Amino acid sequence: GDSVTQMEGPVTLSEEAFLTINCTYTATGYPSLFWYVQYPGEGLQLLLKATKADDKGSNKGFEATYRKETTSFHLEKGSVQVSDSAVYFCALSGYSGAGSYQLTFGKGTKLSVIP
Amino acid sequence: DAGITQSPRYKITETGRQVTLMCHQTWSHSYMFWYRQDLGHGLRLIYYSAAADITDKGEVPDGYVVSRSKTENFPLTLESATRSQTSVYFCASSTGGTNEKLFFGSGTQLSVL
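Quick summary incoming for the structure in this document. (Residues numbered from 1 in each chain as written. Chains lettered and ligands numbered in written order. Predicted model: local features only at pLDDT ≥ 70, side-chain atom pairs only at ≥ 80, totals over all residues. Heavy atoms only, no water.)

Quick notes on unusual backbone geometry
Peptide bonds are mostly trans, and most non-glycine residues show a negative phi.
Logical step 1: Cis peptide bonds are those with omega within 30 degrees of zero, and the linkage from glycine 9 of chain A to proline 10 of chain A qualifies with -5°.
Logical step 2: Within the secondary structure, proline 10 of chain A sits in the loop between β1 (3–6) and β2 (11–14).
Logical step 3: Following serine 7 of chain B, the chain continues into proline 8 of chain B via a peptide bond in cis, with omega recorded as -5°.
Logical step 4: Summarising the element assignment, proline 8 of chain B is placed in the loop between β1 (4–7) and β2 (10–13).
Logical step 5: At serine 28 of chain B, a position not held by glycine, the phi torsion is positive, near 65°.
Logical step 6: Residue position: serine 28 of chain B is located in the loop between β3 (19–25) and β4 (31–38).
Logical step 7: Not every positive phi belongs to a glycine, and aspartate 53 of chain B is a case in point at roughly 70°.
Logical step 8: Within the secondary structure, aspartate 53 of chain B is located in the loop between β5 (42–51) and β6 (54–57).
Logical step 9: Of the residues examined, aspartate 53 of chain B reaches a relative accessible area of 65% and is grouped as exposed. (Helix = DSSP H or I, 4+ residues; strand = E, 2+ residues; numbered from the N terminus. Buried < 20%, exposed > 50% of the residue type's maximum accessible area, 1.4 Å probe, protein only.)

Below, the structure written as C-alpha coordinates:
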(Lines give C-alpha, C1' and ligand atoms only; values in the text may rest on other atoms or scores of the structure.)
Protein backbone atom coordinates (compact mmCIF):
# COMPACT_ATOMS: atom_id res chain seq x y z
CA GLY A 1 0.00 0.00 0.00
CA ASP A 2 0.86 3.67 -0.08
CA SER A 3 3.33 4.98 2.46
CA VAL A 4 5.15 8.17 3.38
CA THR A 5 8.49 8.41 5.17
CA GLN A 6 9.71 11.70 6.56
CA MET A 7 12.76 12.58 8.57
CA GLU A 8 12.67 12.01 12.28
CA GLY A 9 12.52 15.00 14.55
CA PRO A 10 12.63 17.03 16.54
CA VAL A 11 14.47 19.65 14.52
CA THR A 12 15.76 22.73 16.32
CA LEU A 13 16.99 25.71 14.32
CA SER A 14 17.99 29.26 15.04
CA GLU A 15 15.92 32.05 13.54
CA GLU A 16 16.86 32.81 9.89
CA ALA A 17 18.40 29.36 9.38
CA PHE A 18 17.67 27.25 6.29
CA LEU A 19 15.15 24.46 6.72
CA THR A 20 14.90 21.13 4.92
CA ILE A 21 12.52 18.36 5.97
CA ASN A 22 12.93 15.26 3.85
CA CYS A 23 9.95 13.26 2.61
CA THR A 24 9.86 10.21 0.36
CA TYR A 25 6.88 8.17 -0.69
CA THR A 26 5.77 4.84 -2.09
CA ALA A 27 2.60 4.75 -4.15
CA THR A 28 1.02 3.18 -7.18
CA GLY A 29 -0.20 5.43 -9.93
CA TYR A 30 0.17 9.20 -9.77
CA PRO A 31 -0.58 10.54 -6.32
CA SER A 32 -0.90 14.15 -5.29
CA LEU A 33 1.51 15.28 -2.60
CA PHE A 34 0.91 17.63 0.32
CA TRP A 35 2.56 19.27 3.27
CA TYR A 36 0.34 20.00 6.24
CA VAL A 37 1.29 22.01 9.33
CA GLN A 38 -0.03 21.65 12.87
CA TYR A 39 0.44 24.50 15.31
CA PRO A 40 0.21 23.70 19.04
CA GLY A 41 -3.30 22.79 20.16
CA GLU A 42 -4.77 22.98 16.68
CA GLY A 43 -5.80 20.71 13.85
CA LEU A 44 -3.77 20.30 10.69
CA GLN A 45 -3.96 22.82 7.90
CA LEU A 46 -2.71 22.64 4.36
CA LEU A 47 0.63 24.35 3.77
CA LEU A 48 1.21 23.50 0.12
CA LYS A 49 0.55 20.84 -2.48
CA ALA A 50 1.71 19.52 -5.86
CA THR A 51 -0.44 17.40 -8.11
CA LYS A 52 1.96 16.15 -10.79
CA ALA A 53 5.63 15.46 -11.40
CA ASP A 54 7.94 18.51 -11.44
CA ASP A 55 5.23 20.74 -9.93
CA LYS A 56 6.45 23.09 -7.22
CA GLY A 57 4.12 23.96 -4.39
CA SER A 58 4.79 27.12 -2.40
CA ASN A 59 3.24 29.10 0.42
CA LYS A 60 4.46 31.45 3.18
CA GLY A 61 8.06 31.09 1.99
CA PHE A 62 7.95 27.29 2.06
CA GLU A 63 8.56 25.28 -1.12
CA ALA A 64 8.49 21.64 -2.18
CA THR A 65 9.00 20.05 -5.59
CA TYR A 66 7.34 16.81 -6.71
CA ARG A 67 10.23 14.59 -7.85
CA LYS A 68 8.89 11.44 -9.42
CA GLU A 69 12.32 10.04 -10.29
CA THR A 70 13.39 10.08 -6.63
CA THR A 71 9.83 9.71 -5.21
CA SER A 72 10.48 12.71 -2.98
CA PHE A 73 8.75 15.90 -1.85
CA HIS A 74 11.20 17.67 0.44
CA LEU A 75 10.04 20.80 2.27
CA GLU A 76 12.37 23.82 2.27
CA LYS A 77 12.39 27.36 3.59
CA GLY A 78 15.22 29.78 3.20
CA SER A 79 14.87 31.65 6.49
CA VAL A 80 12.75 30.28 9.31
CA GLN A 81 11.01 32.37 11.96
CA VAL A 82 9.96 31.59 15.50
CA SER A 83 6.36 31.53 14.26
CA ASP A 84 7.22 28.54 12.04
CA SER A 85 7.57 26.33 15.11
CA ALA A 86 5.06 23.53 14.53
CA VAL A 87 4.73 19.91 13.47
CA TYR A 88 4.98 19.31 9.71
CA PHE A 89 3.35 16.35 7.98
CA CYS A 90 4.05 15.07 4.51
CA ALA A 91 1.11 13.28 2.89
CA LEU A 92 0.03 11.69 -0.34
CA SER A 93 -3.41 11.25 -1.80
CA GLY A 94 -4.30 8.26 -3.90
CA TYR A 95 -7.24 6.08 -4.83
CA SER A 96 -8.02 3.02 -2.74
CA GLY A 97 -9.10 -0.25 -4.31
CA ALA A 98 -12.74 0.65 -3.68
CA GLY A 99 -12.49 3.67 -5.96
CA SER A 100 -12.57 6.32 -3.27
CA TYR A 101 -9.45 8.18 -2.23
CA GLN A 102 -7.43 8.36 0.96
CA LEU A 103 -4.76 10.60 2.37
CA THR A 104 -1.74 8.82 3.85
CA PHE A 105 0.40 10.79 6.30
CA GLY A 106 3.98 10.57 7.42
CA LYS A 107 4.71 10.51 11.16
CA GLY A 108 5.37 14.23 11.39
CA THR A 109 8.47 16.30 12.11
CA LYS A 110 8.45 18.74 14.99
CA LEU A 111 10.27 21.98 14.26
CA SER A 112 11.35 24.37 16.98
CA VAL A 113 12.85 27.72 16.00
CA ILE A 114 14.74 29.61 18.69
CA PRO A 115 15.42 33.36 18.63
CA ASP B 1 -18.45 30.28 8.57
CA ALA B 2 -18.52 27.53 11.21
CA GLY B 3 -16.50 25.04 9.17
CA ILE B 4 -15.84 21.75 10.88
CA THR B 5 -16.39 21.34 14.59
CA GLN B 6 -15.60 18.52 16.97
CA SER B 7 -17.01 17.88 20.41
CA PRO B 8 -16.11 17.44 23.14
CA ARG B 9 -12.70 19.11 23.10
CA TYR B 10 -11.53 16.98 26.04
CA LYS B 11 -12.95 13.74 27.40
CA ILE B 12 -11.93 11.48 30.26
CA THR B 13 -13.58 8.09 30.54
CA GLU B 14 -13.01 4.67 32.07
CA THR B 15 -12.20 1.39 30.42
CA GLY B 16 -15.25 -0.47 29.21
CA ARG B 17 -17.43 2.60 28.75
CA GLN B 18 -18.97 3.64 25.49
CA VAL B 19 -17.85 7.01 24.18
CA THR B 20 -19.06 8.97 21.16
CA LEU B 21 -17.05 11.74 19.55
CA MET B 22 -19.00 14.16 17.41
CA CYS B 23 -18.03 15.80 14.16
CA HIS B 24 -20.10 18.33 12.24
CA GLN B 25 -19.28 20.21 9.03
CA THR B 26 -21.21 23.03 7.40
CA TRP B 27 -19.82 22.83 3.86
CA SER B 28 -21.75 19.76 2.63
CA HIS B 29 -18.45 18.08 1.79
CA SER B 30 -19.01 14.56 0.54
CA TYR B 31 -15.93 13.02 2.19
CA MET B 32 -15.34 12.82 5.91
CA PHE B 33 -12.54 11.13 7.84
CA TRP B 34 -11.53 10.14 11.34
CA TYR B 35 -7.86 10.03 12.29
CA ARG B 36 -6.09 9.35 15.52
CA GLN B 37 -2.79 11.02 16.36
CA ASP B 38 -0.27 9.27 18.58
CA LEU B 39 3.35 10.01 19.33
CA GLY B 40 5.58 7.98 17.06
CA HIS B 41 2.74 7.05 14.73
CA GLY B 42 1.65 10.34 13.25
CA LEU B 43 -1.91 10.31 11.94
CA ARG B 44 -3.60 7.03 11.25
CA LEU B 45 -6.92 6.69 9.46
CA ILE B 46 -9.66 4.98 11.45
CA TYR B 47 -12.69 5.25 9.16
CA TYR B 48 -13.79 7.37 6.28
CA SER B 49 -17.00 8.09 4.42
CA ALA B 50 -17.45 9.01 0.77
CA ALA B 51 -21.08 10.09 1.21
CA ALA B 52 -24.07 9.66 3.50
CA ASP B 53 -24.65 5.98 4.32
CA ILE B 54 -21.28 4.99 2.80
CA THR B 55 -18.45 4.23 5.19
CA ASP B 56 -15.26 2.21 4.94
CA LYS B 57 -12.44 1.06 7.18
CA GLY B 58 -9.10 2.73 7.33
CA GLU B 59 -5.83 1.52 8.77
CA VAL B 60 -6.90 1.06 12.42
CA PRO B 61 -10.68 0.44 12.63
CA ASP B 62 -10.81 -2.18 15.41
CA GLY B 63 -12.81 -1.07 18.44
CA TYR B 64 -14.49 1.81 16.61
CA VAL B 65 -17.88 2.24 14.95
CA VAL B 66 -19.02 5.04 12.67
CA SER B 67 -22.25 6.10 11.04
CA ARG B 68 -23.23 8.78 8.55
CA SER B 69 -26.97 9.19 8.28
CA LYS B 70 -26.59 12.87 7.30
CA THR B 71 -23.94 14.43 5.10
CA GLU B 72 -22.91 16.95 7.76
CA ASN B 73 -22.40 14.57 10.70
CA PHE B 74 -19.90 11.77 11.18
CA PRO B 75 -19.83 10.50 14.78
CA LEU B 76 -17.18 8.07 16.00
CA THR B 77 -18.11 5.60 18.76
CA LEU B 78 -15.78 3.61 20.94
CA GLU B 79 -18.03 0.74 21.93
CA SER B 80 -15.96 -0.37 24.94
CA ALA B 81 -13.08 1.99 25.54
CA THR B 82 -9.60 0.63 26.23
CA ARG B 83 -6.46 2.40 27.46
CA SER B 84 -4.85 1.92 24.06
CA GLN B 85 -7.52 4.22 22.64
CA THR B 86 -6.17 7.15 24.63
CA SER B 87 -5.27 9.54 21.83
CA VAL B 88 -6.09 12.78 20.07
CA TYR B 89 -8.82 12.27 17.50
CA PHE B 90 -9.21 14.47 14.43
CA CYS B 91 -12.14 14.68 12.11
CA ALA B 92 -11.64 16.04 8.60
CA SER B 93 -13.71 16.71 5.51
CA SER B 94 -13.09 17.22 1.82
CA THR B 95 -14.96 17.74 -1.42
CA GLY B 96 -13.28 14.58 -2.68
CA GLY B 97 -10.67 13.80 -5.28
CA THR B 98 -6.96 13.28 -4.91
CA ASN B 99 -6.09 16.94 -5.56
CA GLU B 100 -8.32 18.34 -2.87
CA LYS B 101 -7.17 19.32 0.58
CA LEU B 102 -8.62 18.14 3.86
CA PHE B 103 -10.14 20.55 6.35
CA PHE B 104 -9.47 19.46 9.91
CA GLY B 105 -11.33 20.04 13.14
CA SER B 106 -9.51 21.14 16.29
CA GLY B 107 -9.41 17.63 17.71
CA THR B 108 -10.73 15.73 20.73
CA GLN B 109 -8.25 14.71 23.38
CA LEU B 110 -9.50 11.44 24.85
CA SER B 111 -8.08 9.82 27.98
CA VAL B 112 -9.18 6.32 28.94
CA LEU B 113 -8.34 5.50 32.56
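Thoughts on the sheet that holds strand β7 (residues 56–59) of chain A
Residue and element names in this part refer to chain A.
Logical step 1: Across the sheet, which stays open at both edges, the 4 strands sit in the order β3-β9-β8-β7 with antiparallel pairing between neighbours. The open sheet is flanked by β3 (19–21) and β7, the only strands paired with a single partner. With direction set aside, neighbouring strand axes in the sheet form an average angle of 15°.
Logical step 2: When strand β8 (residues 62–65) meets strand β9 (residues 75–77), the two strands line up antiparallel, connected through 3 bridges. Residue pairing in the sheet places phenylalanine 62 in a bridge with lysine 77 of β9. (Pairing = 2+ DSSP bridges. Axes fitted to C-alpha atoms, helices over the stretch in contact; angles between N-to-C directions.)

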